[in-house]
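# Commentary on secondary and tertiary structure
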Amino acid sequence: MSYSLHHSTESNSLLYKVFENTGETVYKCYQCGKCSAGCPLSGDMDYAPSSVLRMIQLEIPELDSKVLSSYSIWLCLTCETCVTRCPQEVDLPKIIDYLRSESIEHKKVNPAAKDIIAFHKTFLDSIRTTGRLYEVGLIAGYKFRTFHLLQDVSVAPKMFLLGKLNPLPHIIKNRSAIEKIFRKSNRAHAGKEAEQ
Amino acid sequence: MITIGYFPGCSLLGTAREYDESLRAIAPKIGIELVEIPDWNCCGATAAHSLNHTLATALPARILALAEKENLEEILVPCAACYNRLVMAQHELMSNEPLCKKVSDIIELDVKGTARPINILEALMKTSSNGLAQNISKPFNYTVACYYGCLLVRPPKVLQFDRAEDPQIMDEVMKKIGAVPIDWAYKTECCGAGFSVSKTDIVSKLSGKIIKDAVTRGAETIIVACPMCHSNLDMRRKDINQYNDSRYIIPVMYITQAIGLALGIDKKKLGLHRHIIPVTLPVKEKTTGKTQPALAVSERSASGGKTEVE
């Protein structure tokens with residue numbers, strides 16, 4: 001790593017934790033704003049991408065908390081436009097993935113993001129049981145989790161007629177291998193800070 | 001004939017069935033033998049990398065390891081999103097030894113990095129140089145918008161594939177089959193990807209801009225190479241038209257379907273009947289005659305805002 005955090009003194013600041021867990025140095029950002037200009041969703045975010053980086057740079061606990069409870073970190077589509085254009089090569093999508101797991105761990109998830117997380121969790125449940133994504137199960141599970149029961153009732157029958165929805169899941173043979181990967185990965189994820 | 005490993009990914013078994021069908025239909029004709037990776041699993045997609053980084057590396061690592069076991073040197077990953085997950089996982093595993101060891105322990109298989117994931121454009125490039133053009137029986141002489149989306153070209157530092165801001169490879173392949181690609185602004189803009197279900201309004205907004213630009217610049221069809229781009233631009237069209245107060249009816253095709261048509265393969269074999277927006281392209285004479293774009297009325301019709309597509 002050619003950069004280090006020679007300024008940081010706060011070992012529990014987000015700036016420090018981002019570096020420890022992702023190897024990314026938020027200090028490298030000099031606020032040119034290219035990420036915010038190119039982000040397809042910066043207008044829908046509560047803090048633009050470059051603002052998120054600035055808030056982390058300042059190492060102020062209140063701002064760290066605002067970052068973790070922001071809607072921005074959940075709106076990121078990982079389209080990778082920001083990191084592609086960043087003159088300092090700050091890997092913002094990678095940082096945001098880390099901020100998401102911190103946000104969940106510290107129970108700071110923005111209420112507006114609950115549908116997004118419900119979708120991700122249902123997705124993972126689906127592949128944990130069958131090894132591959134079962135789209136019908138995903139939609140049903142998502143509706144059940146979020147109570148959006150009427151969503152997409154008009155498009156689903158059409159998809160079925162077009163042969164695009166399989167009524168039955170594709171189940172892989174070695175499902176125990178997948179279950180093991182989930183169990184071990186969850187354990188590793190829970191203990192990630194101690195490990196790094 | 002080149003033998004390439006094949007990782008279809010979950011979408012190609014369901015919502016993107018026609019991508020799998022058309023790819024399998026054109027493969028023998030363009031000199032590719034596909035060897036499906038046995039017992040492959042889901043790559044984890046956005047869900048895994050949003051919630052658990054270790055899982056997001058371990059799931060693709062199992063796929064890579066299974067391909068290595070079969071001595072496959074390359075894995076064709078037609079889904080751009082799966083492709084991105086596989087390449088990113090391999091990149092991380094090969095550049096971080098402790099992580100590689102940890103993940104090998106988790107999946108209980110070794111990953112050496114000998115099987116390289118390639119995307120559909122790379123596979124087509126390989127074959128199009130030795131003979132795609134001479135096998136064309138029905139030139140696909142339409143004006144097309146080549147839509148790459150995010151993950152075929154980004155992040156360039158890892159993928160090292162084509163130009164990140166204005167890629168050309170799909171345009172080049174389309175030219176070889178007789179199409180005229182347009183120069184447009186939304187080649188690599190995001191369609192809204194994984195928010196199709198959880199934030200449909202965002203997909204409607206982003207995909208609406210893409211379709212609008214393609215239509216305004218005269219495209220007759222949008223060519224894609226990603227199941228998520230396809231489902232957002234095609235399956236979500238009703239939501240897009242409602243949100244944007246528009247009546248876009250431009251069809252969206254997989255690149256493999258366009259090539260299949262040019263190779264003279266039957267429409268049904270290419271799954272062209274499986275689209276929500278019917279693929280009705282005007283019949284043209286052999287030379288590229290200008291026809292009226294059969295598509296897209298961008299304003300709400302006088303009939304009082306009916307957004308249904310006939």
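From a predicted model like this one, the values you see are computed outputs, not experimental measurements. (Residues numbered from 1 in each chain as written. Chains lettered and ligands numbered in written order. Predicted model: local features only at pLDDT ≥ 70, side-chain atom pairs only at ≥ 80, totals over all residues.)

### Digging into the overall build of chain A
In terms of helices and strands, chain A carries twelve helices and zero strands. Helices and strands appear in chain A in the N-to-C order α-α-α-α-α-α-α-α-α-α-α-α. In chain A, which comprises 196 residues, the share counted as buried stands at 41%. Sequence separation of 24 or more characterises 62% of the internal contacts of chain A that already satisfy a separation of 6 or more. (Helix = DSSP H or I, 4+ residues; strand = E, 2+ residues; numbered from the N terminus. Buried ≥ 20, exposed ≤ 12 C-beta atoms within 10 Å, placed from the backbone. Contact = placed C-beta atoms within 7 Å.)

### Quick look at helix H1 (residues 17-26) of chain B
In terms of burial, H1(B) is largely enclosed, as nine of its ten residues are buried. Among the residues of H1(B), B:Arg17, B:Glu18, B:Tyr19, B:Asp20, B:Glu21, B:Ser22, B:Leu23, B:Ala25 and B:Ile26 are the ones counted as buried.

### As for the domain arrangement of chain B
All names here are of chain B. By the assigned domains, chain B splits into domain 1 (2-120) and domain 2 (136-274). When each unit is reduced to the centre of its C-alpha atoms, the spacing between domain 1 and domain 2 is 23 Å. Secondary-structure elements contributing two or more residues to the side of domain 1 that touches domain 2 are H1, helix H2 (45-51) and helix H4 (80-95). With eight residues, the top contributor of residues to the side of domain 1 that touches domain 2 is H1. Across the side of domain 1 that touches domain 2, the residue classes break down as 14 nonpolar, seven polar and four charged. (Domains from an automatic or database assignment. Nonpolar A, V, L, I, M, F, W, Y, C, P; charged D, E, K, R; others polar.)

### Side note on the sheet that holds strand S3 (residues 74-76) of chain B
Residues and elements named next belong to chain B. Taken together, the four strands give an open sheet; going across it, the order is S2-S1-S3-S4, and neighbouring strands pair in parallel fashion. The open sheet has two free edges, formed respectively by strand S2 (32-36) and strand S4 (116-118), since each of these has just one partner strand. On average, each strand axis in the sheet is tilted by 40° relative to the strand beside it, whichever way the strands run. Relative to S3, strand S1 (residues 2-6) is paired through two bridges, and the arrangement is parallel. Paired with Tyr6 across the strands is Leu76, a residue of S3. (Pairing = 2+ DSSP bridges. Axes fitted to C-alpha atoms, helices over the stretch in contact; angles between N-to-C directions.)

### Examining the pairing of S2(B)
Pairing geometry for S1(B) and S2(B), over five bridges, is parallel. Within S2(B), the position partnered with B:Ile4 by the bridge is B:Leu34.

### A word on the confidence of the model for chain B
All names here are of chain B. Confidence in the prediction for chain B averages 90 pLDDT; 91% of positions are at 70 or higher. Note that residues 288-310 has pLDDT below 50 and, in this model, 35 contacts with residues that lie over four places away or in other chains. Quick note on the complex model: pTM equals 0.90, ipTM equals 0.89. (pLDDT = per-residue confidence, 0-100.)

### Quick look at the interface of chain A and chain B
In this complex, chain A contributes 47 residues to the contact, which on the side of chain B involves 43 residues. Secondary-structure elements contributing two or more residues to the side of chain A that touches chain B are helix H6 (81-85), helix H7 (92-105), helix H8 (114-130), helix H9 (135-146), helix H10 (155-161) and helix H11 (175-190) of chain A. No other element matches H11(A), which puts nine residues into the side of chain A that touches chain B.

### Section: the sheet that holds strand S6 (residues 180-181) of chain B
Strand pairing in a sheet takes place through backbone hydrogen bonds and is either antiparallel or parallel in direction. Residue and element names in this part refer to chain B. Read across the open sheet, the four strands follow the order S6-S5-S7-S8; overall the sheet is parallel. One side of each edge strand has no neighbouring strand; the edge strands of this open sheet are S6 and strand S8 (252-254). Relative to the sheet, helix H12 (residues 255-262) contacts strand S7 (221-224) and S8, its axis offset from that of S8 by approximately 80°.

### Examining the domain arrangement of chain A
Frequently, the measure chosen for interface size is the accessible area that the parts lose on association. Residue and element names in this part refer to chain A. Taken domain by domain, chain A comprises domain 1 (14-109) and domain 2 (112-195). If you look at the interface, domain 1 gives four residues, while domain 2 gives five residues. In terms of residue class, the side of domain 1 that touches domain 2 is made up of three nonpolar, one polar and no charged.

### A look at the nonpolar core
Side chains that are nonpolar tend, in soluble globular proteins, to be buried together. Residues and elements named next belong to chain B. In terms of nonpolar packing, the biggest core is built from 166 residues, with Met170, Ile222, Ile223, Val224, Ala225 and Ala258 touching the most fellow members. With ten residues, helix H3 (residues 53-69) is the single largest residue contributor to this core. Each residue touching Val224, except ones within four places of it in the same chain, is listed here: Tyr147, Gly149, Cys229, His230, Leu233, Val252 and Tyr254. (Core = buried A, V, L, I, M, F, W, Y, C linked by C-beta atoms within 7 Å.)

### A word on the confidence of the model for chain A
Per-residue pLDDT for chain A has a mean of 90; in total, 92% of the residues score no lower than 70. For chain A, the element scoring lowest by mean pLDDT is helix H12 (residues 192-195) of chain A, at 48; helix H3 (residues 49-57) of chain A scores highest, at 98.

### Structural notes on H7(A)
All names here are of chain A. Taking 1.5 Å per residue, 14 residues should reach 20 Å; H7 reaches 20 Å between its end C-alpha atoms and fits that length. Of all the 14 residues making up H7, ten are buried; the element is thus mostly covered by neighbouring parts of the structure. Two residues or fewer past H7, Lys107 is found with a positive phi of approximately 50°. (Expected span 1.5 Å × (residues − 1).)

### Some words on the environment of A:Arg128
Residues and elements named next belong to chain A. By the element assignment, Arg128 lies in helix H8. Among the residues examined, Arg128 registers 16 C-beta atoms within 10 Å and is labelled partly exposed. Spatially, the C-alpha atom of Arg128 lies 38 Å from that of Lys28, the residues being 100 residues apart in sequence. Once residues within four sequence positions are removed from consideration, Arg128 is found in contact with Ile178, Glu179 and Phe182.

### Some points on the packing of H3(B) against helix H5 (residues 97-107) of chain B
All names here are of chain B. Contact geometry for H3 and H5: axes closest at 10 Å, N-to-C directions at 75°. The angle between the axes of H3 and H5 places the two elements in the roughly perpendicular class. Side by side, H3 and H5 meet where Thr57, Ala58, Ala61, Arg62 and Ala65 of the first sit next to Leu99, Val103, Ile106 and Ile107 of the second. Taken together, the residues of the contact of H3 with H5 sort by class into seven nonpolar, one polar and one charged. (Parallel < 35°, antiparallel > 145°, perpendicular 65-115°, else oblique.)

### Here's the deal with the pairing of strand S5 (residues 143-146) of chain B
Residue and element names in this part refer to chain B. Bridge analysis of S5 against S6 gives two bridges, and the strand direction is parallel. Residue pairing in the sheet places Val144 in a bridge with Pro181 of S6. As judged from the three bridges shared by S5 and S7, these two strands associate in the parallel manner. Across the sheet, Ala145 pairs through a bridge with Ile222, a residue of S7.

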